[in-house]
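Notes for the structure review
Residue strings, one per chain:
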Amino acid sequence: MAAELHVELVAADRSVWSGEATLVVARTTSGDIGVMPGHQPLLGVLESGPVTIRTSDGATVIAAVHGGFISFADDKLSLLAEIAELADEIDVKRAERALERAKSDTDAASERRAEVRLRAVAVR
């Protein structure tokens, strides 16, 4: 069994993160899933939620992901997201304002995106 897996986190508009990892945790339509080297091949639909990547050097990368697909085979994991941003890139004040705006507009989709962004920042 390999000691690490290659991870590509790609949004519709850019490559968000790429590197070697020992564990990736993501939310799918079937529930949360953890993928480690040697995992069975999989293909799933991503739900909005934080993605946690434990890098090979022991660091943790958190990203807010909104929809997309997850694919794993031959120790290569692809996360193809509609929207994704690293927790370090998220402007907390802006996300809080977006959450308040979404609540007042009763926009459930925007509210969910803002909540996921704030959860990703809180986890880092």
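Look up a bit, the structure's there.
Model, not experiment: these values are computed from the prediction.

Parameters and conventions
- Numbering of residues begins from 1 in every chain and follows the order in which that chain's sequence is written.
- Only residues with pLDDT of 70 or above have their local features reported here, since the model is predicted, and side-chain atom pairs are shown and tallied only from 80 upward, although totals for entire chains, interfaces and linings are computed over all residues.
- Based on all heavy atoms of the structure, the side-chain values leave hydrogens and waters out of the count.
- A pocket, in this scheme, is an open set of points on a 1 Å grid over the protein atoms alone with protein on both sides within 12 Å along at least 5 of 7 lines, while a cavity is a set where a 1.4 Å probe fits but cannot get out; residues line either one if an atom lies within 4 Å of a point.
- Grid points are joined across faces, edges and corners, and a volume is the space filled by probe spheres set on the points.
- Secondary structure is summarised from DSSP: a helix means a run of H or I of at least four residues, a strand means a run of E of at least two, and numbering begins at the N terminus for each.
- The classification used treats Ala, Val, Leu, Ile, Met, Phe, Trp, Tyr, Cys and Pro as nonpolar, Asp, Glu, Lys and Arg as charged, and all other residues, Gly among them, as polar.
- The definition of a nonpolar core used throughout is a set of buried Ala, Val, Leu, Ile, Met, Phe, Trp, Tyr and Cys residues joined through side-chain atoms within 4.5 Å.
- Three labels apply to residues, based on accessible area from a 1.4 Å probe with only protein chains included: buried if under 20% of the type maximum, exposed if over 50%, partly exposed otherwise in between.
- Here, residues are in contact when the closest pair of their heavy atoms is within 4.5 Å.
- Any helix carries an expected span of 1.5 Å times its number of residues minus one.
- Polar contact is the term for a pair of N or O atoms within 3.5 Å; when the atoms are in protein, one must be able to donate a hydrogen and the other to accept it, and sequence-neighboring residues count only if both atoms are side-chain atoms.
- By definition here, a salt bridge exists when the distance from a side-chain nitrogen of Lys or Arg to a carboxyl oxygen of Asp or Glu is within 4 Å.

**Structural notes on the layout of surface pockets**
By volume, the largest pocket amounts to about 180 Å³. What lines the largest pocket is a set of 13 residues, and nearest its centre among them are Ile83, Glu85, Glu89, Arg94 and Arg117. Counting residues per element, the ones that place at least two in the lining of the largest pocket are strand E7 (76-86) and helix H1 (92-104). A class-by-class count of the residues in the lining of the largest pocket yields 5 nonpolar, no polar and 8 charged.

**What about the nonpolar core?**
In this structure, Val7, Leu9, Val24, Ile53, Val65, Leu77 and Leu79 are the most contacted members of the largest nonpolar core, which totals 24 residues. For this core, the secondary-structure elements that each account for two or more residues are strand E1 (5-11), strand E2 (14-28), strand E4 (42-46), strand E5 (49-55), strand E6 (60-73) and E7. If we ignore the near neighbours within four places in the chain, the residues touching Leu77 are Leu5, His6, Val7, Glu8, Val24, Val35, Ile70, Ser71 and Phe72. Formed by 12 residues, the second largest nonpolar core is a distinct cluster that contains Ala87, Ala98, Ala114 and Ala120.

**Notes on H1**
In a regular helix each residue adds 1.5 Å, so 13 residues correspond to 18 Å; H1 covers 18 Å between its end C-alpha atoms and thus fits that length. Trailing H1 by a residue or two, Thr106 shows a phi angle of about 45°, which is positive.

**Here we look at the environment of Arg14**
Here Arg14 shows up in strand E2. Residue classification places Arg14 among the partly exposed positions, given a relative accessible area of 30%. Separated by 69 residues in sequence, Arg14 and Ile83 place their C-alpha atoms 9.3 Å apart. Beyond its immediate stretch of four places on either side in the chain, Arg14 contacts Ala84, Glu85, Leu86 and Glu89. At 3.4 Å, the side chain of Arg14 and the backbone oxygen of Ala84 are in polar contact.

**Details of the pattern of salt bridges**
Once their charged atoms are close, side chains differing in charge can pair, the charge on each being opposite to the other. Per the counting criterion, the structure on display carries 3 salt bridges. One salt bridge connects Glu89 with Arg14, and the closest N-O pair in it is separated by 2.6 Å. One end of the pair, Glu89, is in the loop between E7 and H1; the other, Arg14, is in strand E2, and 75 residues separate them in sequence. For Glu85, the salt bridge identified is with Arg117, shortest N-O distance 2.5 Å. Of the two residues, Glu85 sits in strand E7 while Arg117 sits in helix H2 (residues 108-123), which places them 32 residues apart along the sequence. Classification of Glu85 by relative accessible area gives buried; the value is 15%. Owing to a relative accessible area of 11%, Arg117 belongs among the buried residues under this scheme.

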